[in-house]
Number of protein chains: 4
Amino acid sequence: MSQPSNPDIGKLVWAIPEGWIPGWSNGPEPELLSHEAACILNPNDRDAHVEITIYFEDRGPVGPYKLTVGARRTLHQRFNTLTDPEPIPVSVAYASVIRSDTPIIVQHTRLDSRQAENALLSTIAYTE
Amino acid sequence: MSQPSNPDIGKLVWAIPEGWIPGWSNGPEPELLSHEAACILNPNDRDAHVEITIYFEDRGPVGPYKLTVGARRTLHQRFNTLTDPEPIPVSVAYASVIRSDTPIIVQHTRLDSRQAENALLSTIAYTE
Amino acid sequence: MSQPSNPDIGKLVWAIPEGWIPGWSNGPEPELLSHEAACILNPNDRDAHVEITIYFEDRGPVGPYKLTVGARRTLHQRFNTLTDPEPIPVSVAYASVIRSDTPIIVQHTRLDSRQAENALLSTIAYTE
Amino acid sequence: MSQPSNPDIGKLVWAIPEGWIPGWSNGPEPELLSHEAACILNPNDRDAHVEITIYFEDRGPVGPYKLTVGARRTLHQRFNTLTDPEPIPVSVAYASVIRSDTPIIVQHTRLDSRQAENALLSTIAYTE
């Protein structure tokens, strides 16, 4: 089970229909700042060039937001901190499609600390 | 990776076995109203005409509930606000099947604020 | 999209590696009793005869626990209330395999109310 | 549906892009100690020899961490308690790839008790 001989793991296209950045927080930042993240794993031997497109309920898509996930690295990208081409508004429903030029795996996580105690959700994103 | 040349993403049939609209809430509404949602993403170039059927433990299915998700749009549909053909009762176990005439992706989310602090669950729905 | 002409939805074999019935609860019962459930949907036209086998860390499997999920019905089966062949102990790690003679869909949910506020987790179970 | 004649269930390669061991806890230990676990089910008739590799954002992978999951057993392995070749640091983003020599099923769960009340997340891991 040596690393060099393993075939690539992952897929090129991922989707996350749920998206909502909570509008406020409780607790020490940045750990307990309300946030939503795309956790991306690139276990393969080439850098992954990733493009995220954001979809809304009442206007056209925005993007691509461009990221690089290095070979044999993970990136836990918070949607809150994406700024180019524009920040994602808080308290607004959105969704995302994530495309990569080399196979990756994507998991969606939200930490919601709007009330005094935090809540968590997570799921492996959709792929095909 | 330009949008026009991408093939469709998604599937036509989805299922969510878990369904339960919490019977009460704490916190400012509508954001912290207890609710359950089907987050639907239609990243493709045609409108999606969606039909939801609701299944119960002790009576026959109800539906279809009809929705349209525009091309390149998302819709975070709360089960709480479906009314036609009839509202879904709270504090009752149900399940759902979601069918579309064009590919979509579906994620299931619940915000439960019955106690003083909220709780969250989410998962990509089942598809085949 | 009329119901009679639809092909079956679902799979015959499902697995849930995570299992843990919290040992205590807070809040009004039965709604806020800590529990773990297999939410089973049978959207098809024949009753589903279901067998659950429970796996442990330090002893052999127990089961089958037998259930019937009617045609076009859902069953949100709490693991807490299974008794035949034996109850599942609380505060013990377990896992489950769920087999059916007709296609079903399975989602795993836990409500944990051990502390003053409840927590939730959910995921579509594994199938192949 | 007798056990001996059933074919194997599961897959050989799994991935969990999300990883984060909360840095502190509230509540009685060990049950309410903040932790993150890979729940592994081996419902088959041979022991599973499992290797976990951990990926980080800013350095190369660490591992393999070696485990054995007995035939017809589950193992709820907390990432917190892995020590060989080295402990996984708390409050650091990581990801994991899990390989086995015989089919298994993997589910990812986190209990976060950093605030006074606990939060939970869970998802079936990615496989292919």
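Just so we're clear, the structure is a prediction, and the values are computed from it rather than from any experiment.

Rules behind the numbers
Residues numbered from 1 in each chain as written. Chains lettered and ligands numbered in written order. Predicted model: local features only at pLDDT ≥ 70, side-chain atom pairs only at ≥ 80, totals over all residues. Heavy atoms only, no water. Helix = DSSP H or I, 4+ residues; strand = E, 2+ residues; numbered from the N terminus. Buried < 20%, exposed > 50% of the residue type's maximum accessible area, 1.4 Å probe, protein only. Contact = heavy atoms within 4.5 Å. 1 Å grid on protein atoms, 1.4 Å probe; cavity = no way out; pocket = protein on both sides within 12 Å on 5 of 7 lines; lining within 4 Å. Points joined across faces, edges and corners; volume = space filled by probe spheres on them. Nonpolar A, V, L, I, M, F, W, Y, C, P; charged D, E, K, R; others polar. Phe/Tyr/Trp six-rings, centres within 6.5 Å; stacked < 30°, edge-to-face > 60°. Lys NZ or Arg CZ within 6 Å of the ring centre and 35° of its normal. pLDDT = per-residue confidence, 0-100. Core = buried A, V, L, I, M, F, W, Y, C linked by side-chain atoms within 4.5 Å. Salt bridge = Lys/Arg side-chain N within 4 Å of Asp/Glu carboxyl O.

Draft legend 1. The overall build of chain A, seen in detail. For chain A, the helix and strand inventory stands at zero helices and eight strands. What you see in chain A, going N to C, is helices and strands ordered as β-β-β-β-β-β-β-β. Counting the 128 residues in chain A, one finds 60% classified as buried. Of the contacts formed within chain A by residues at least 6 apart in sequence, a portion of 72% connects residues at least 24 apart.

Draft legend 2. Structural context of the layout of surface pockets. The computed volume of the largest pocket comes to approximately 880 Å³. Along the wall of the largest pocket there are 29 residues; nearest its centre are Thr 127 of chain A, Thr 127 of chain B, Ala 125 and Thr 127 of chain C together with Thr 127 of chain D. Taken together, the residues that form the lining of the largest pocket break down as 13 nonpolar, eight polar and eight charged.

Draft legend 3. How the structure looks around the packing of aromatic side chains. Counted by the stated rule, this structure contains eight aromatic pairs over all chains. For the cation-ring pair, Arg 59 of chain C lies above Phe 56 of chain C, with the distance from its terminal atom to the ring centre recorded as 4.0 Å.

Draft legend 4. Quick look at the confidence of the model for chain A. Summing up the model confidence of chain A, the mean pLDDT is 87 and the portion of residues at 70 or higher is 83%. Scored by ipTM, the complex comes to 0.89, with pTM at 0.91.

Draft legend 5. The arrangement of the nonpolar core in detail. Core analysis: the largest hydrophobic core is formed by 32 residues, its most contacted members being Trp 14, Val 50, Phe 79, Ile 98 and Val 106 of chain B. For this core, the elements supplying multiple residues, two or more each, are strand E6 (94–112) of chain A together with strand E1 (11–16), strand E2 (35–42), strand E3 (48–56), strand E4 (62–69) and strand E6 (94–112) of chain B. The contact partners of Trp 14 of chain B, leaving out residues within four places of it in the chain, are Tyr 126 of chain A together with Ser 96, Val 97, Ile 98, Ile 104, Ile 105, Val 106, Ile 124, Ala 125, Tyr 126 and Thr 127 of chain B.

Draft legend 6. Quick peek at the environment of Pro 61 of chain A. Relative to the elements of secondary structure, Pro 61 of chain A occurs in the loop between strand E3 (48–56) and strand E4 (62–69). Not counting chain neighbours up to four residues away, the residues in contact with Pro 61 of chain A comprise Thr 53, Ile 54 and Tyr 55 of chain A together with Arg 72 and Arg 73 of chain B.

Draft legend 7. Looking closely at unusual backbone geometry. Cis geometry is found at the peptide bond from Asp 84 of chain A to Pro 85 of chain A, where omega equals 20°. Locating Pro 85 of chain A in the fold gives a position in the loop between strand E5 (73–78) and E6. The step from Gly 63 of chain B to Pro 64 of chain B runs through a cis peptide bond, and the omega angle for that step is 0°. Here Pro 64 of chain B shows up in strand E4. Here Ser 91 of chain B, not a glycine, exhibits a phi torsion of approximately 60°, which is positive. Position of Ser 91 of chain B relative to the elements: it lies in the loop between strand E5 (73–78) and E6. Since its relative accessible area comes to 25%, Ser 91 of chain B is described here as partly exposed.

Draft legend 8. Layout of the pattern of salt bridges. Applying the stated rule across the entire model yields 20 salt bridges over all chains. A salt bridge links Arg 110 of chain B to Glu 36 of chain B, with the shortest nitrogen-to-oxygen separation between them at 3.0 Å. Residue Arg 110 of chain B is located in strand E6, and its partner Glu 36 of chain B is located in strand E2; the two are separated by 74 residues in the primary sequence. Comparing Arg 110 of chain B with Glu 36 of chain B, the two get one shared label, buried. For Asp 45 of chain D, the salt bridge is made with Arg 72 of chain D, and the minimal N-O distance between the two is 2.8 Å. Pair noted here: Asp 45 of chain D is in the loop between strand E2 (35–42) and strand E3 (48–56) and Arg 72 of chain D is in the loop between strand E4 (62–69) and strand E5 (73–78), with a separation of 27 residues, a long-range link. Sharing partners across several salt bridges, the network here consists of Glu 18, Glu 36 and Arg 110 of chain A.

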